[in-house]
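Letter by letter, the chains look like this.
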Amino acid sequence: MPAVPAPRSPQRYRVALVCLGNICRSPMADVVLEAKVAEAGLADAVEVVSAGTGDWHIGAPMDRRAAALLRSEGYDASRHRAQQVAASWLAEHDLVLAMDAANLADLRTLDDTDPERVRLFGDFDPVQPGSEVPDPYFGGDDGFVSVLAQVERTADVLVASIASALGR
């Protein structure tokens, strides 16, 4: 199991998930990871947020296809509103995970980044370690299904690793 960096504050862990527009991949990962954190009994200690590197969807809800798929799988996608990542997030969060290499590169231009704290989400993927989460926006529904499968299996690994970092 890949290890996450130690928490910056005792018994508190902050995770930020980042994609391009914050309406598909990172909000899907946010909703799933938050649900899995709660299932693991870690909701009191782990904060999950998501954002995009771009600003064109700020305030918008999640892509309707992503939200519909999450709802059909028992997740609550209703609270999401797109936001843009800020450079301050890099120092405020214990782990910032980009959905792909382009977003990772964009994050690394914002500020000095610790490569252990700013990584690819796919670094924790147990099936395809180091993989990117493909952007399903311009494709069909099957792209969203594939993203959800990758997000769910990766979130399981992240929760276990975060629990270990918190000593739980």
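Here the structure is shown first, and the text comes after it.
Conventions used here
Residues numbered from 1 in each chain as written. Predicted model: local features only at pLDDT ≥ 70, side-chain atom pairs only at ≥ 80, totals over all residues. Heavy atoms only, no water. Helix = DSSP H or I, 4+ residues; strand = E, 2+ residues; numbered from the N terminus. Rg over C-alpha atoms; globule rule 2.2 N^0.38 Å. Buried < 20%, exposed > 50% of the residue type's maximum accessible area, 1.4 Å probe, protein only. Contact = heavy atoms within 4.5 Å. Areas by Shrake-Rupley, 256 points an atom, 1.4 Å probe, with all protein chains shown as cover. Lys, Arg positive; Asp, Glu negative; His and termini not counted. Charge placed at Lys NZ, Arg CZ, Asp CG, Glu CD. Phe/Tyr/Trp six-rings, centres within 6.5 Å; stacked < 30°, edge-to-face > 60°. Lys NZ or Arg CZ within 6 Å of the ring centre and 35° of its normal. Core = buried A, V, L, I, M, F, W, Y, C linked by side-chain atoms within 4.5 Å. Salt bridge = Lys/Arg side-chain N within 4 Å of Asp/Glu carboxyl O. Disulfide = S-S within 2.5 Å.

Chemist: Provide a residue-level description of the overall build of the chain, including the pertinent values.
Modeler: Of regular secondary structure, the chain possesses five helices and four strands. Secondary structure of the chain in N-to-C order comes out as β-α-β-α-α-β-α-β-α. Whereas a compact globule of 168 residues would reach a radius of gyration of roughly 15 Å, the chain reaches 14 Å, a difference of no more than 12%. Judged by the C-alpha coordinates and their principal axes, the chain covers about 40 × 35 × 30 Å. Each of the 168 residues in the chain was classed as buried or not, and the buried ones make up 50%. Restricting to contacts in the chain with at least 6 residues of sequence separation, those with at least 24 account for 74%. When the accessible surface of the chain is totalled, it reaches about 7500 Å², and 51% of it is carbon and sulfur. With 15 positive and 25 negative side-chain charges, the chain shows a separation of 3 Å between the mean positions of the two kinds.

Chemist: I'd like a description of the packing of aromatic side chains, backed by residues and values.
Modeler: All told, the structure shown has one aromatic pair when counted by the stated rule. On the numbers, 4.8 Å between centres and 90 degrees between planes, the contact of Tyr137 with Phe138 is edge-to-face. It is Arg65 that lies over the ring of Tyr137; its NZ or CZ is 5.6 Å from the centre.

Chemist: For unusual backbone geometry, give the residues involved together with the corresponding values.
Modeler: Its identity as a non-glycine residue notwithstanding, Gln11 has a phi of 60 degrees, on the positive side. Here Gln11 is to be found in the segment before β1 (13-19). The exposure class assigned to Gln11 is partly exposed, which follows from its relative accessible area of 45%.

Chemist: I'd like a description of the nonpolar core, backed by residues and values.
Modeler: Counting residues in hydrophobic clusters, the biggest one holds 42 residues, and the most contacted among them are Leu17, Met28, Leu33, Val46, Leu70 and Phe121. For this core, the secondary-structure elements that each account for two or more residues are β1, α1 (25-39), β2 (46-52), α2 (64-72), β3 (95-98) and α5 (141-165). It is α5 that contributes the most residues to this core, ten residues altogether. Setting aside anything within four residues of it in sequence, one finds Val46 in contact with Arg12, Tyr13, Val37, Ile162 and Leu166. Core analysis: the second largest hydrophobic core is formed by 13 residues, Val49, Ala51, Val85 and Val96 among them.

Chemist: A description of the pattern of salt bridges should follow, citing residues and the corresponding values.
Modeler: Considering all chains together, one arrives at twelve salt bridges under this definition. Glu116 is paired through a salt bridge with Arg119; the nearest N and O atoms lie 3.8 Å apart. The class of Glu116 is partly exposed, set by a relative accessible area of 46%. Under the relative-accessibility criterion, Arg119 is labelled buried at 14%. Several salt bridges converge on common partners, so that one network encompasses Arg12, Arg14 and Glu47.

Chemist: Describe the state of the cysteines, and please don't skip the residues or the numbers.
Modeler: A disulfide bridge is the covalent bond that connects two cysteines by way of their sulfur atoms. Overall, the coordinates contain zero disulfides when judged by the stated rule. Cys19 carries a free sulfur, and the closest cysteine sulfur to it, the one in Cys24, is 6.8 Å from it. We classify Cys19 as buried; its relative accessible area is 2%.

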